[in-house]
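# Summary of the model geometry
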Amino acid sequence: MKTDNPNVIGIKHMAFGVRDAEKALETYARFLDVPADTEITVFPKSKNKVALFNLGGIEYQLCESLDPEGRFAKWIDERGHEGLHHICYEVSNIDDALAHAQAKGASLRICQACQKYGSHPHPEGWVAFLDNDAGGIEIEFMQVYTPEQLKEYEAFKGI
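Residues numbered from 1 in each chain as written. Predicted model: local features only at pLDDT ≥ 70, side-chain atom pairs only at ≥ 80, totals over all residues. Heavy atoms only, no water.

For the structure on display, the rule yields zero disulfides. Looking at the unpaired Cys111, the closest cysteine sulfur is the one in Cys114, lying at 3.9 Å. The exposure class of Cys111 is buried, given its relative accessible area of 2%. (Disulfide = S-S within 2.5 Å. Buried < 20%, exposed > 50% of the residue type's maximum accessible area, 1.4 Å probe, protein only.)

Structure representation (structure tokens):
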């Protein structure tokens, strides 16, 4: 069935809140043949460590908070279990995607890493979060940078 949202291109990534990224990665390696030597990256700004890999053409992120009060740790504590935290939908135009969602009653959630509402630059593209969950799963939109925009972002980030 086709959606009426012309802005969504597909799933950019799915992020899972986990207590232990290494342990979660071991499970994916054992049962789904994800490379066991997948790098786990520490993101100091958001105080997370994340195992990133592709499976079935979709990027997976196994996200562990380094701070007990961090985004994923609090989310796990509130629910009592690990699981799918958010789905990031790649969109062709983030402003149009947000306008479409807001016209349908959505509101915006603050980006925990940047403390910003609405569309703002991130390492891979412009992102925004909805304050409305879908079945308990957060919704993120990302307009991925073109190669030229990525160079601009990297130059700006280096200032």
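Additional details are given in the paragraphs that follow.
Within the secondary structure, Lys49 is located in strand β3 (residues 48–55). A relative accessible area of 15% means that Lys49 is categorised as buried. A distance of 3.1 Å separates the side chain of Lys49 from the side chain of Glu22, its partner in a polar contact. If we skip the residues at most four places from it in the chain, Lys49 touches Ala21, Glu22, Ile40, Thr41, Val42, Leu62, Cys63, Glu64 and Leu66. (Helix = DSSP H or I, 4+ residues; strand = E, 2+ residues; numbered from the N terminus. Polar contact = N/O pair within 3.5 Å; in protein donor to acceptor, adjacent residues only side chain to side chain. Contact = heavy atoms within 4.5 Å.)

It is worth spelling out the packing of aromatic side chains at this point. Two measures describe an aromatic ring pair: the distance that separates the ring centres and the angle between the ring planes. Within this structure, the stated rule accounts for six aromatic pairs. Judged by centre distance (5.2 Å) and plane angle (55°), the rings of Tyr28 and Phe53 are tilted. One end of the pair, Tyr28, is in helix α1 (residues 21–32); the other, Phe53, is in strand β3, and 25 residues separate them in sequence. For the pair shown, Tyr28 and Phe53 are each scored as buried. With centroids separated by 4.8 Å and ring planes inclined at 80°, the aromatic side chains of Trp126 and Tyr145 adopt a geometry described as edge-to-face. Of this pair, Trp126 sits in strand β8 (residues 125–130) while Tyr145 is found in the loop between β9 (138–144) and α4 (147–157), placing the two residues 19 residues apart along the sequence. The exposure class assigned to Trp126 is partly exposed, which follows from its relative accessible area of 24%. Ring pairing ties together the aromatic residues Phe16, Tyr28, Phe53 and Tyr60, which thus form one cluster. (Phe/Tyr/Trp six-rings, centres within 6.5 Å; stacked < 30°, edge-to-face > 60°.)

None of the figures reported here should be taken as evidence of function without further support.
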